[in-house]
Amino acid sequence: MEFSFSASEKLFRERVRDWLAESAPKGRRPPRGPAMRDFDLAWQRAKFESGFGAISWPKEYGGAGLSPVEQMIWYEEVARARAPTPGCLSIALNHAGPTIMTLGTPEQKAFHLPKILGGEVVWCQGFSEPGAGSDLAALRMGAVVDGDHLVINGQKVWTSHAQYADYQETLVRTDQGLGRHKGITWVIIDMKTPGITVRPLRTIAGDEHFNEVFYDNVRVPISNVVGELNEGWKVAMTTLANERAGATANHGAELGELVEQLIELARSSIHSSSIDDAFVSRLAKLRTEAAALRSLSYAMISRANRGLPVGVEATLPFLFFGELQQRVRALAAELLGGEMLEFDGPWDSWVRGFFADRMYVIAGGSSEVRRNIIAERILGLPRSY
């Protein structure tokens with residue numbers, strides 16, 4: 001690994017830092033509703049117009065065409081400036097867009113990529129189903145070929161921002177007899193298609209981040225299939241690889257900044273007089289663990305920068321991030337005490353974060369699943385089931 005930055009990378013960091021200081025939205029991002037969607041789209045348009053819409057996308061698709069290191073620098077500076085994340089555009093920018101770039105048809109690329117990059121559309125992901133979340137290959141939602149269309153019936157769940165989405169990247173089973181990893185197709189669904197019903201799920205954080213989505217004879221053109229019919233598992237692995245690559249650097253940067261915010265909270269809190277040496281030691285340990293997470297992220301970025309694929313190794317920082325996030329939130333709850341029960345109060349972001357961030361030990365594969373992946377595919381241990 002090379003831990004130092006080149007002269008051009010340092011200049012890029014300065015340019016990003018200056019632009020964020022001048023251009024990042026000063027107001028708070030709306031936590032929910034159409035106003036949240038409008039905020040995220042406007043922020044993406046502002047980034048795109050200034051050349052920061054997609055740091056690592058190739059120039060031929062409208063991106064900046066920069067390296068994984070510069071993408072990581074962007075994430076670090078966004079976290080340091082406490083500027084908005086992509087929000088409900090994350091699926092479009094980190095999942096759907098890169099998948100279409102890699103495996104989509106020329107027509108799919110020409111239609112969808114400019115809309116994603118220019119902040120015109122929101123995407124959601126239709127992968128998880130009841131009984132098929134972490135075990136993605138267990139999905140059952142079926143699609144039948146009818147002429148030049150697929151007719152889809154079934155249900156998806158945990159679909160983030162589906163109520164605001166224009167399009168969905170979806171996995172359907174187009175052949176029930178080919179086994180778990182065959183007979184799956186990756187398809188783009190226009191969320192305005194008749195037969196789609198979206199039902200928001202209220203979480204303990206008080207938001208409606210997740211949704212159930214029901215499909216009743218939904219007709220989707222076969223031209224919306226990305227890759228080949230019945231070969232969607234391979235396409236899904238491309239999607240998930242792009243998710244891991246982007247999330248690895250982003251999580252390391254964001255969590256490091258969250259620890260610094262917790263330290264600031266401890267210094268400024270009305271409870272600061274009761275903080276003892278043991279509490280300070282726990283803060284120091286969290287800062288050390290956040291630095292370790294960033295080192296894991298750097299290792300992944302260094303690998304990508306050499307043109308090597310980011311494979312199962314990305315499971316390590318994913319797992320570490322999810323569990324470290326819980327420890328940070330738990331210490332904040334201990335610091336704030338009874339005030340952690342007050343939504344919309346002075347510590348609202350900490351209260352909602354404590355509840356909302358519990359999803360990170362489940363989302364994208366539970367901690368147990370990640371440990372199995374590490375045991376079997378990195379350490380080479382035998383299966384225990």
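Each remark here, short or long, concerns the structure printed above.
Residues numbered from 1 in each chain as written. Predicted model: local features only at pLDDT ≥ 70, side-chain atom pairs only at ≥ 80, totals over all residues. Heavy atoms only, no water.

Asks: Please explain the side chain of arginine 370 as it appears in this structure.
Replies: With respect to the helices and strands, the residue arginine 370 is situated in helix H10 (residues 367–378). By relative accessible area, arginine 370 is classed as buried at 6%. Ignoring anything within four residues of it in the chain, the contact list for arginine 370 reads Thr315, Phe318, Leu319, Ala363, Gly364 and Gly365. (Helix = DSSP H or I, 4+ residues; strand = E, 2+ residues; numbered from the N terminus. Buried < 20%, exposed > 50% of the residue type's maximum accessible area, 1.4 Å probe, protein only. Contact = heavy atoms within 4.5 Å.)

Asks: Explain the nonpolar core to me, please; I cannot follow it from the model alone.
Replies: As a rule of thumb, nonpolar side chains are buried together in soluble globular proteins. Core analysis: the largest hydrophobic core is formed by 51 residues, its most contacted members being Trp57, Trp123, Ile152, Leu171, Trp186 and Tyr215. Per-element tally for this core: the top contributor is helix H4 (residues 90–103), with 6 residues. Not counting residues up to four positions away in its chain, the partners in contact with isoleucine 152 are Met141, Gly142, Ala143, Val172, Ile189, Tyr215, Asp216, Asn217, Val218 and Val220. Within the second largest apolar cluster, 25 residues are counted, among which are Leu262, Leu283, Ala290 and Trp350. (Core = buried A, V, L, I, M, F, W, Y, C linked by side-chain atoms within 4.5 Å.)

Asks: Could you clarify how one ought to interpret unusual backbone geometry in this entry?
Replies: Glycine aside, residues mostly have negative phi angles, and peptide bonds mostly take the trans form. With a phi close to 60°, histidine 161 is a non-glycine residue in the positive phi region. Looking at the element boundaries, histidine 161 is found in the loop between strand E3 (149–156) and strand E4 (167–173). Residue classification places histidine 161 among the buried residues on the basis of a relative accessible area of 10%. Located in the positive-phi region is asparagine 230, a residue other than glycine, with phi close to 70°. Its location among the elements puts asparagine 230 in the loop between strand E8 (225–226) and helix H6 (232–268).

Asks: Would you mind showing me how to read the packing of aromatic side chains here?
Replies: In this description, an aromatic ring pair is defined by two values, namely the gap between the centres and the angle between the planes. For the structure shown, the criterion picks out 10 aromatic pairs. Ring geometry for phenylalanine 111 versus tyrosine 167: centroids 6.4 Å apart, planes at 85°, classification edge-to-face. Here tyrosine 167 lies in strand E4 and phenylalanine 111 lies in helix H5 (residues 106–117), a separation of 56 residues in the sequence. Linked through ring pairs, Phe12, Trp19, Trp43, Phe52 and Trp74 together constitute an aromatic cluster. (Phe/Tyr/Trp six-rings, centres within 6.5 Å; stacked < 30°, edge-to-face > 60°.)

Asks: What is the right way to read the packing of helix H3 (residues 68–81) against helix H7 (residues 277–305) from this model?
Replies: At a minimum axis separation of 8 Å, H3 and H7 run at an interaxial angle of 150°. In terms of axis orientation, H3 runs roughly antiparallel to H7. Residue-level contacts link Pro68, Val69, Met72 and Glu76 of H3 to Arg294, Tyr298, Ile301, Ala304 and Asn305 of H7. (Axes fitted to C-alpha atoms, helices over the stretch in contact; angles between N-to-C directions. Parallel < 35°, antiparallel > 145°, perpendicular 65-115°, else oblique.)

Asks: Looking at this model, I keep getting lost on a nonpolar patch on the surface. Mind explaining?
Replies: A surface patch of nonpolar side chains, about 340 Å² in accessible area, is lined by Leu316, Ile378, Leu379 and Leu381. Relative to the elements of secondary structure, leucine 381 occurs in the segment after H10. Here leucine 381 falls in the partly exposed class, since its relative accessible area comes to 45%. (Patch = residues over 30% accessible without salt bridge, like charges linked within 9 Å, V, L, I, M, F, W, Y side chains within 5 Å. Areas by Shrake-Rupley, 256 points an atom, 1.4 Å probe, with all protein chains shown as cover. Salt bridge = Lys/Arg side-chain N within 4 Å of Asp/Glu carboxyl O.)

Asks: Quick question: what am I supposed to make of the pattern of salt bridges here?
Replies: Two side chains with opposite charge may pair up if their charged atoms get near one another. A complete count under the given rule lists 22 salt bridges for this structure. The residue aspartate 348 makes a salt bridge to arginine 28 at a minimum N-O spacing of 2.8 Å. Residue aspartate 348 is found in helix H9 (residues 348–356), and its partner arginine 28 is found in the loop between helix H1 (7–23) and helix H2 (34–49); the two are separated by 320 residues along the sequence. Glutamate 120 serves as the salt-bridge partner of lysine 115, at 3.9 Å between the closest nitrogen and oxygen. Residue lysine 115 is classed as partly exposed on the basis of its relative accessible area of 24%. The exposure class assigned to glutamate 120 is partly exposed, which follows from its relative accessible area of 46%. In this structure, a network of salt bridges that share partners links the residues Arg13, Arg17, Glu76, Glu77 and Arg80.

Asks: Would you mind showing me how to read H10 here?
Replies: Each full turn of the α-helix corresponds to 3.6 residues, which orients residues three or four apart in the same direction. An ideal rise of 1.5 Å per residue puts 16 Å on 12 residues; H10 measures up with 15 Å between its terminal C-alpha atoms. For H10, the full list of buried residues reads Ser367, Arg370, Ile374 and Ala375. When H10 is viewed along its axis, its buried side chains cluster within an angular range of 135° and face the same direction. The exposed residues of H10 that point more than 90 degrees off its buried face are Glu368 and Arg377. Check the buried side of H10 and you find it contacts helix H8 (315–336). Positive backbone phi, at 75°, marks glycine 380, one or two positions downstream of H10. (Expected span 1.5 Å × (residues − 1). Arc of directions from axis to C-beta.)

Asks: How do you make sense of the side chain of glutamine 168 when you look at a structure like this?
Replies: Here glutamine 168 shows up in strand E4. Taking the relative accessible area as the measure of exposure, glutamine 168 reaches 0% and is therefore buried. A polar atom in the side chain of glutamine 168 sits 2.7 Å from the side chain of threonine 170. Only 2.6 Å separates the side chain of glutamine 168 from the side chain of tyrosine 215, close enough to count as a polar contact. Excluding residues within four positions of it along the chain, glutamine 168 makes contact with Trp123, Cys124, Gln125, Gly126, Thr159, Val187, Ile188, Ile189, Met191, Val213 and Tyr215. (Polar contact = N/O pair within 3.5 Å; in protein donor to acceptor, adjacent residues only side chain to side chain.)

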